[in-house]
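# Reading the structure
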Amino acid sequence: MRRLPALVAALLLPATTPTLLGTAVSTGALLVSPAPAQATSADYYLAQAKALLGKKGREQEVIRLSNQVLTVSQNADAYFYRAYAKDDLGDKKGAIADYNQAIAINPQDAKAYYNRGYNKSALGDKKGAITDYNQAIAINPQDADAYYNRGYNKSALGDKQGAISDYSQAIAINPQYAVAYNNRGNAKSALGDKQGAISDYSQAIAINPQYADAFKNRGIAYEKVGDLRSACNDWRAAASLGDKDAADWVGKECKMLLIG
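Let me sum up the structure you'll find in this document. Given the structure is predicted, the values throughout are model-derived calculations rather than measurements.

A few words on the state of the cysteines. In the structure shown here, the tally under the stated rule is 1 disulfide. Bridging cysteine 232 to cysteine 254, the disulfide has an S-S length of 1.9 Å. Measuring handedness by torsion sign, the sulfur bridge of cysteine 232 and cysteine 254 sits at about -85 degrees and is left-handed. Residue cysteine 232 is found in helix H12 (residues 228–240), and its partner cysteine 254 is found in helix H13 (residues 244–254); the two are separated by 22 residues along the sequence. Both residues of the pair, cysteine 232 and cysteine 254, count as buried.

Structure follows, in structure tokens:
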């Protein structure tokens, strides 16, 4: 039976807060006139939309509030919030259109590029996603998630070495990044480096002992190097964590082994 390592089921979720160009700092040296009522209303709607962002069942309310802001001004955050809500509702194309608007207003919004890349990837545009992650990384080189998602898309396009490089960068930024270790292990395994893959799966498990996919994948790698006993141990661990494939393999291939 040909077994394939289990990739993470989806990309990392989009970021919920846009990157701001700057924030106002109060020095106390200058009195500022009260904002016009129109601006105050826009700020109120924007704050309400932000508070509801990512809350299941409140997507239409986020869209309504964002629309209220956009009747007053072309606001990058309003487009960002509306895009996020559209994405949650499954409207990936609508989300991309709104992220386009947010980026046109604020070209330095790394999270808008990141989220647009997420939606492009979900629609199958892996190359477009990589381009957006390139932009996100150029703006914020310390974004481990952007490296991870770019690596994921590179891997999907067959660029395993490029994926390894990106996963490695994500790990350098965040050494506790279990899913990056798991997927780097997958890429190494695809290139024939089974021992390197086993090492990465082991790191993922050390970080997250409940990581069923990492146990499952390490078991596959052990099987490939001829160590069925270790493979069965890992598949049993994965099965105990709810992995049905691993449970099936234990039943079919491991029952004759005396494994503790």
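Back to the text.
All right, on to the packing of aromatic side chains then. A ring pair, where both rings are aromatic, is described by two values, the distance of the centres and the angle of the planes. By the definition in use, this model includes 7 aromatic pairs. Geometrically, the ring pair formed by tyrosine 114 and tyrosine 133 is edge-to-face, given 5.6 Å between the ring centres and 70 degrees between the ring planes. Of this pair, tyrosine 114 sits in helix H5 (residues 110–122) while tyrosine 133 sits in helix H6 (residues 126–139), and the two are 19 residues apart along the sequence. There is no split in this pair, since tyrosine 114 and tyrosine 133 are both buried.

Grouped together as the largest cluster of nonpolar side chains are 62 residues, with contacts concentrated most on Val62, Tyr81, Tyr99, Tyr148, Ala170 and Trp235. With 7 residues, the top contributor of residues to this core is helix H3 (residues 76–88).

A few words now on the packing of H3 against H5. It is the contact of H3 with H5, at a shortest axis distance of 11 Å, that shows an interaxial angle of 25 degrees. Considering their axes alone, H3 and H5 lie roughly parallel with respect to each other. As H3 packs across H5, the resulting crossing turns out to be left-handed. Facing H3, whose interface residues are Phe80, Tyr84 and Asp87, H5 presents Lys111, Ala112, Asn115, Tyr118 and Asn119.

So, about the pattern of salt bridges. Applying the stated rule across the entire model yields 14 salt bridges. Residue lysine 216 is joined to aspartate 243 by a salt bridge in which the shortest nitrogen-to-oxygen separation is 3.5 Å. In this pair, lysine 216 is assigned in helix H11 (residues 212–224) and aspartate 243 in the loop between H12 and H13, connecting sequence segments 27 residues apart. Its relative accessible area of 8% is what places lysine 216 among the buried residues. Owing to a relative accessible area of 10%, aspartate 243 belongs among the buried residues under this scheme. Taking the shortest distance from any N to any O, the salt bridge between lysine 252 and aspartate 248 comes out at 3.4 Å. Taken together, the residues span about one helical turn, with lysine 252 and aspartate 248 both in helix H13 at a distance of 4 residues. On the basis of relative accessible area, aspartate 248 is assigned to the partly exposed category, the value being 34%.

Thresholds, definitions, all that
- Residues numbered from 1 in each chain as written.
- Predicted model: local features only at pLDDT ≥ 70, side-chain atom pairs only at ≥ 80, totals over all residues.
- Heavy atoms only, no water.
- Disulfide = S-S within 2.5 Å.
- Helix = DSSP H or I, 4+ residues; strand = E, 2+ residues; numbered from the N terminus.
- Buried < 20%, exposed > 50% of the residue type's maximum accessible area, 1.4 Å probe, protein only.
- Phe/Tyr/Trp six-rings, centres within 6.5 Å; stacked < 30°, edge-to-face > 60°.
- Core = buried A, V, L, I, M, F, W, Y, C linked by side-chain atoms within 4.5 Å.
- Axes fitted to C-alpha atoms, helices over the stretch in contact; angles between N-to-C directions.
- Parallel < 35°, antiparallel > 145°, perpendicular 65-115°, else oblique.
- Left-handed = near helix turned anticlockwise from the far one by under 90°.
- Contact = heavy atoms within 4.5 Å.
- Salt bridge = Lys/Arg side-chain N within 4 Å of Asp/Glu carboxyl O.

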